[in-house]
Amino acid sequence: MPELPEVETIRRQLADAVGGRSICRVRVLDPLLVAPESPSRFRRAVEGRQVASLGRRGKYLLIRLDSGDTLAMHLRMTGRLHHTPSGPAPDDAHRRARFTFDDGSTLDFSDTRRFGRAWIVPADHPDPEGYWRARAGVEPLDRAFTPALLGALLAGRSAPIKASILDQRIIAGVGNIYADEALFQAGIHPTRPAGSLGAGEVAALRGAIRDRLRAGIRSGGASIDRYRDTIGTAGTMQDMLRVHRHEGDPCPRCGATVVKTRVAQRGTYFCPTCQPVD
Ligand SMILES: [Zn+2]
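Let me sum up the structure you'll find in this document.

1. Section: the packing of aromatic side chains
For any pair of aromatic rings, the description consists of the separation of the ring centres together with the inter-plane angle of the planes. Scanning all chains against the criterion turns up four aromatic pairs. Relative to tryptophan 119, the ring of tyrosine 60 has its centre 6.0 Å away and its plane inclined at 85°; by these criteria the two rings are edge-to-face. Of this pair, tyrosine 60 sits in strand β3 (residues 60-65) while tryptophan 119 sits in strand β8 (residues 117-121); the two residues are 59 residues apart in sequence, bridging distant segments of the chain. Accessibility assignment for this pair places tyrosine 60 and tryptophan 119 in one class, buried. Their ring planes at 90° and their centres at 5.0 Å tell us that tyrosine 131 and tryptophan 132 sit as a pair that is edge-to-face. Pair check on accessibility: tyrosine 131 and tryptophan 132 agree, each one buried. Three or more aromatic residues joined by ring pairs make a cluster, and in this case those are Tyr60, Trp119, Tyr131 and Trp132. It is arginine 253 that lies over the ring of phenylalanine 184; its NZ or CZ is 4.6 Å from the centre.

2. Some points on the coordination of the zinc ion
Geometrically, a metal with four donors at the corners of a regular tetrahedron has ideal angles of 109.5 degrees, and one with six donors at the corners of a regular octahedron has ideal angles of 90 or 180 degrees. For the zinc ion, the full set of protein donor atoms is Cys251 (SG), Cys254 (SG), Cys271 (SG) and Cys274 (SG), at a range of 2.2 to 2.4 Å. The coordination sphere of the zinc ion comprises four donor atoms, whose angles at the metal cover 101 to 115°; the geometry is tetrahedral. Each donor residue of the zinc ion belongs to the same chain, and together they define the spacing C-x2-C-x16-C-x2-C. On the criterion of sequence distance, the pair formed by cysteine 251 in the loop between α7 (199-218) and β9 (259-263) and cysteine 274 in the segment after β10 (266-270) is long-range, its members being 23 residues apart. Cysteine 251 sits in the buried class, given a relative accessible area of 3%.

3. Thoughts on α7
If you check α7, its first and last C-alpha atoms are 29 Å apart, about what 20 residues at 1.5 Å a residue would give, namely 28 Å. Looking only at α7, the buried set comprises Val202, Leu205, Arg206, Ala208, Ile209, Arg210, Arg212, Leu213, Ala215, Gly216 and Ile217. In this fold, the buried residues of α7 make contact with α1 (4-18), α4 (147-154), α5 (161-166) and α6 (176-186). Looking one or two residues beyond α7, the residue adopting positive phi is glycine 220, at roughly 75°.

4. Focus: the sheet that holds strand β4 (residues 70-74)
Reading across the sheet, the four strands line up as β2-β3-β4-β8 and stay open at both edges, with antiparallel pairing between neighbours. Every other strand in the sheet has two partners, leaving β2 (51-57) and β8 as the edge strands with one partner each. Averaged over all pairs of adjacent strands, the angle between strand axes in this sheet comes to 20°, irrespective of strand direction. Packed on one face of the sheet, α1 meets β2 and β3 and runs near 175° to β2. The sheet contacts of helix α2 (residues 39-46) involve β3, β4 and β8, and relative to β8 the element is tilted by about 60°.

5. Some details on the side chain of aspartate 69
Along the chain, aspartate 69 falls in the loop between β3 and β4. No salt bridge is formed by the buried aspartate 69. Its closest oppositely charged neighbour is arginine 49, at 6.8 Å. Of the polar contacts made by the side chain of aspartate 69, one reaches the backbone nitrogen of alanine 123; its length is 2.8 Å. Beyond its immediate sequence surroundings of up to four residues, aspartate 69 is in contact with Ala45, Ile63, Arg64, Ile120, Val121, Pro122 and Ala123.

6. Topic: the environment of arginine 80
Considering the arrangement of structural elements, one finds arginine 80 in strand β5 (residues 79-84). In this structure, the C-alpha to C-alpha distance between arginine 80 and glycine 173, residues 93 residues apart in sequence, is 17 Å.

7. Quick look at the pattern of salt bridges
The final tally for this structure, using the stated rule, is 17 salt bridges. Residue arginine 21 pairs with aspartate 103 through a salt bridge whose shortest N-O separation is 3.3 Å. Here the residue arginine 21 occupies a position in the loop between α1 and β1 (23-28), and aspartate 103 occupies one in the loop between β6 (95-101) and β7 (106-111), the gap between them amounting to 82 residues. Taking the shortest distance from any N to any O, the salt bridge between aspartate 108 and arginine 95 comes out at 3.9 Å. One end of the pair, aspartate 108, is in strand β7; the other, arginine 95, is in strand β6, with 13 residues separating them in the sequence. Aspartate 108 sits in the buried class, given a relative accessible area of 6%. Within the structure, one salt-bridge network assembled from shared partners comprises Glu8, Arg11, Arg12, Arg56, Arg57 and Glu139.

Criteria and cut-off values
Residue numbering note: each chain is counted from 1, following its sequence as written. Restriction of local features to residues with pLDDT of at least 70 applies here, the model being predicted, together with a cutoff of 80 or more for giving and counting side-chain atom pairs; totals for whole chains, interfaces and linings are based on all residues. By convention in this description, side-chain values take in all heavy atoms of the structure and omit both hydrogens and water. Put simply, two rings from Phe, Tyr or Trp (the six-membered ring, in Trp's case) pair if the centres are within 6.5 Å, and we call them stacked under 30 degrees between planes, edge-to-face over 60, tilted for the rest. The secondary structure listing takes helices from DSSP runs of H or I that are at least 4 residues long and strands from runs of E that are at least 2 residues long, numbered from the N terminus. To sort residues, take the accessible area from a 1.4 Å probe on protein chains only and compare it with the maximum for the residue type: under 20% means buried, over 50% means exposed, and anything in between is partly exposed. Over a ring means this: the NZ of a Lys or the CZ of an Arg is within 6 Å of the ring centre and within 35 degrees of the ring normal. Only N, O and S atoms count as donors, using a 2.8 Å limit from the metal and a wider 3.2 Å limit for Na, K and Ca, and since water is excluded some coordination spheres may look unfilled. Each label reflects the angles at the metal, where four donors whose angles all fall between 85 and 135 degrees are tetrahedral, four or six donors whose opposite pairs open beyond 155 degrees and whose other angles stay between 65 and 115 are square planar or octahedral respectively, and the rest are irregular. Here the expected length of a helix is defined as 1.5 Å per residue gap, with one fewer gap than residues. In what follows, residue pairs with any heavy atoms lying within 4.5 Å of each other are defined as contacts. One bridge is not enough; two strands pair if DSSP finds at least two bridges between them. Note on definitions: angles span 0 to 180 degrees between N-to-C directions of axes, and those axes are lines fitted to C-alpha atoms, for helices only across the stretch in contact. We count Lys and Arg on the positive side and Asp and Glu on the negative side, and we leave His and both chain ends out. Here, a salt bridge means any Lys or Arg side-chain nitrogen found within 4 Å of an Asp or Glu carboxyl oxygen. Polar contact is the term for a pair of N or O atoms within 3.5 Å; when the atoms are in protein, one must be able to donate a hydrogen and the other to accept it, and sequence-neighboring residues count only if both atoms are side-chain atoms.

Pasting the structure below:
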């Protein structure tokens, strides 16, 4: 699933490619993509509008339109956005929608498993801040994400630390890949109760989350499963993962065998030596 670094990579590419462009035409090929909105109402909100700016909240891509509406997208498991500067876009049997811009370029939303969504947050929404706060907690790359704030967010929680950092309402944008990598870097066992971390561990975890997310952005994301950027290029972060999907491999730090378990219903990889239970 695309996480913060993958969505941020897409945001930056689209800001260059379609920022300031007008959306001339919208074709919704799969009504499920915009449900419960009707494709025709969705189209009316988007067609003819100019892209004012590209934003992101956690794993949500926000295309802000000159009407004040926000076209929000979530790629979920297998969603992809492909921008074709001009000429015919590559054939894609999984295309769900196409946006055509005033320079003739196109943006295709494709999705094999069809969990991805696109919808409008209207300009006259009574509480847009609250709307996003309910879906996305603190942005881990923001200055506000201090060790003190993370400590306060985790205090009193008995849930495993991995489940807590995967909870999008606590920290926005960290998913399974970067959670495993950050916990390894910080030397914290994924099943430790979140509230049991000491101040030093909290500070190490906060630093590791930011470091791994930044590494992900620098390398254009992790192309595990189906992720590609908007021009179809794979990222390289998957080559730099130390424990995630490395079950049975030697730990790059101590040489012990990386093991796999399940935490919060997610396949979880860690080094039992570098990340002791207590
Ligand atoms: Zn180790």
